Amino acid sequence: MRVLLTGAGGQLGLSIQDRVPKNWQLSALTSADLDITDPVQIDHVFKTFKPEIVINAAAFTAVDKAEEDEITARSVNALAVKNLAIKCEKTKAFLIHISTDYVFDGRSIMPYRETDILNPISIYGKTKAEGEQAIIRSGVSYAIIRTSWVFSEYGNNFFKTMMRLGKDRESLDIVDDQIGAPTYAGDIADAIIAIARDKNKIKCEIFHYCGDQITTWADFAKYIFTHAFEAEKINHTVVINGISTEQFAAAAPRPKNSVLDCEKIKNSCAIKLSDWQNAVKIIINNHMGK
Ligand SMILES: NC(=O)c1ccc[n+]([C@@H]2O[C@H](COP(=O)([O-])OP(=O)(O)OC[C@H]3O[C@@H](n4cnc5c(N)ncnc54)[C@H](OP(=O)(O)O)[C@@H]3O)[C@@H](O)[C@H]2O)c1
């Protein structure tokens, strides 16, 4: 099975590479190897490697920066995705694309289902929604996996920011009025691999995939610090002061509710949701220095 992985240097890209099945011939390309916004580079890779599956883990993920650089965000998250989908359709490659809960406005009191109406409130969310729509319109066979609050031992994410700040701070102000279900990138990688295996049964589907427990950013931080302290990776406790989204004042608006309803992926693909609490303990024990 020839599998092309874009965005291979990101946290999800690296997590997929840690788990490559034996029957995959993987071409894992970072942004330096393959810029997905360049149609000439895309053509070349399709011509030479002839992928049967394309996993698009490349994205412009800087949510706040996207507010001031809409052009780049759209070119990576929407226009490049459209070109990739058309290319996959022409060559009959199956496209697995990663999307986000930010395509929703977060105003629902219920976990979001795959069929809920898109209403992004940020530029990042808008461009990711445009990418999804382009895939659906292209006629390609696809699986779009929407996930949320991704963390891992790699790259930049909330977990790693907490571990860095917690080393020298005794208290932190963390947002406590947004809810979500953190998702370990390693578990998303496993879900992607399972979907790739079942690609002939899937055709055109959107799936939601996130953690198995709902929390707030503040409680997520408390969980991280409790275990980092127990594992002696930090030598003091960190007090978390809950603050509002407005007090935090990020450039881009965030959904108040990022929780995804994952019944579909659980029931139709027998994929377990992300046990993020266990993942936090494992990363702290195995990947974090003192
Ligand atoms: N992180 C989250 O909390 C979260 C939540 C929901 C959904 N997602 C989605 O999950 C997917 C994976 O995200 P992630 O967390 O792994 O993000 P990440 O760590 O930021 O990785 C994204 C990768 O895409 C690469 N990239 C950017 N522009 C590119 C281009 N023009 N051509 C090729 N590669 C390019 C980046 O390379 P450079 O670093 O060299 O630019 C980076 O390696 C994305 O689709 C994202 O939207 C993420």
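Details of the structure are given in the entry above.
To keep things clear, this report deals only with the structure shown in the data block. (Residues numbered from 1 in each chain as written. Predicted model: local features only at pLDDT ≥ 70, side-chain atom pairs only at ≥ 80, totals over all residues. Heavy atoms only, no water.)

### Points about the packing of aromatic side chains
Within a pair of aromatic rings, the relevant descriptors are the distance that separates the centres and the angle that separates the planes.
Reasoning step 1: Per the counting criterion, the structure on display carries 11 aromatic pairs.
Reasoning step 2: Judged by centre distance (3.6 Å) and plane angle (15°), the ring pair of tryptophan 149 and tryptophan 217 falls under stacked. With a gap of 68 residues between them, tryptophan 149 in the loop between β5 (142–147) and β6 (150–151) and tryptophan 217 in helix α9 (residues 217–230) connect regions that are remote in the sequence.
Reasoning step 3: Judged by its relative accessible area of 7%, tryptophan 149 is buried.
Reasoning step 4: One aromatic cluster is present, formed by Trp149, Phe151, Phe158, Phe159, Tyr184, Trp217, Phe220, Tyr223 and Trp276 through successive ring pairs.
Reasoning step 5: We note lysine 264 situated over the ring of phenylalanine 207; from NZ or CZ to the ring centre the distance is 5.0 Å. (Phe/Tyr/Trp six-rings, centres within 6.5 Å; stacked < 30°, edge-to-face > 60°. Helix = DSSP H or I, 4+ residues; strand = E, 2+ residues; numbered from the N terminus. Buried < 20%, exposed > 50% of the residue type's maximum accessible area, 1.4 Å probe, protein only. Lys NZ or Arg CZ within 6 Å of the ring centre and 35° of its normal.)

### A few points about the layout of surface pockets
Reasoning step 1: As a volume, the second largest pocket reaches approximately 250 Å³.
Reasoning step 2: Taken together, 16 residues make up the lining of the second largest pocket; nearest its centre are Tyr184, Asp187, Asp190, Tyr209 and Asp275.
Reasoning step 3: Of all the elements in the fold, those that place two or more residues in the lining of the second largest pocket are α7 (185–197) and α12 (276–287).
Reasoning step 4: Classifying every residue of the lining of the second largest pocket by side-chain character gives 9 nonpolar, 2 polar and 5 charged. (1 Å grid on protein atoms, 1.4 Å probe; cavity = no way out; pocket = protein on both sides within 12 Å on 5 of 7 lines; lining within 4 Å. Points joined across faces, edges and corners; volume = space filled by probe spheres on them. Nonpolar A, V, L, I, M, F, W, Y, C, P; charged D, E, K, R; others polar.)

### Concerning the side chain of histidine 227
Reasoning step 1: Following the sequence through the fold, histidine 227 ends up in helix α9.
Reasoning step 2: Classification of histidine 227 by relative accessible area gives buried; the value is 15%.

### Things to note about the site of the ligand
Reasoning step 1: Not every one of the 24 residues close to the ligand is listed here, only the nearest: Ser31, Asp35, Thr61, Tyr124 and Lys128.
Reasoning step 2: Here a nitrogen atom of the ligand sits 2.9 Å away from a polar atom, N or O, in the side chain of aspartate 35.
Reasoning step 3: Within the residue set of the shell around the ligand, elements represented by two or more residues are α1 (11–17), β4 (94–100) and α5 (123–138).
Reasoning step 4: Of all the elements, β4 adds the most residues to the shell around the ligand, at 3 residues. (Near = heavy atom within 4 Å. Polar contact = N/O pair within 3.5 Å; in protein donor to acceptor, adjacent residues only side chain to side chain.)

### Quick look at the environment of leucine 12
Reasoning step 1: One can find leucine 12 in helix α1.
Reasoning step 2: The exposure class assigned to leucine 12 is buried, which follows from its relative accessible area of 10%.
Reasoning step 3: Along the backbone, leucine 12 and tyrosine 154 are 142 residues apart, and their C-alpha atoms lie at a distance of 8.3 Å.
Reasoning step 4: Beyond its immediate chain neighbours, meaning those up to four positions away, leucine 12 contacts Ala57, Ile98, Ala185, Ile188, Ala189 and Ile192. (Contact = heavy atoms within 4.5 Å.)

### Focus: the packing of helix α4 (residues 70–91) against α5
Reasoning step 1: Axis separation between α4 and α5 bottoms out at 8 Å; the angle between their running directions is 15°. The orientation of α4 relative to α5 falls into the category roughly parallel. Our pair here, α4 against α5, has a crossing hand that is right-handed. In this structure, α4 uses Glu70, Ala73, Arg74, Asn77, Ala78, Val81, Lys82, Ala85, Ile86 and Glu89 to contact α5, whose residues at the interface are Ile123, Tyr124, Thr127, Lys128, Glu130, Gly131, Ala134, Ile135 and Ser138.
Reasoning step 2: Partitioning the contact of α4 with α5 into residue classes produces 9 nonpolar, 4 polar and 6 charged. (Axes fitted to C-alpha atoms, helices over the stretch in contact; angles between N-to-C directions. Parallel < 35°, antiparallel > 145°, perpendicular 65-115°, else oblique. Left-handed = near helix turned anticlockwise from the far one by under 90°.)

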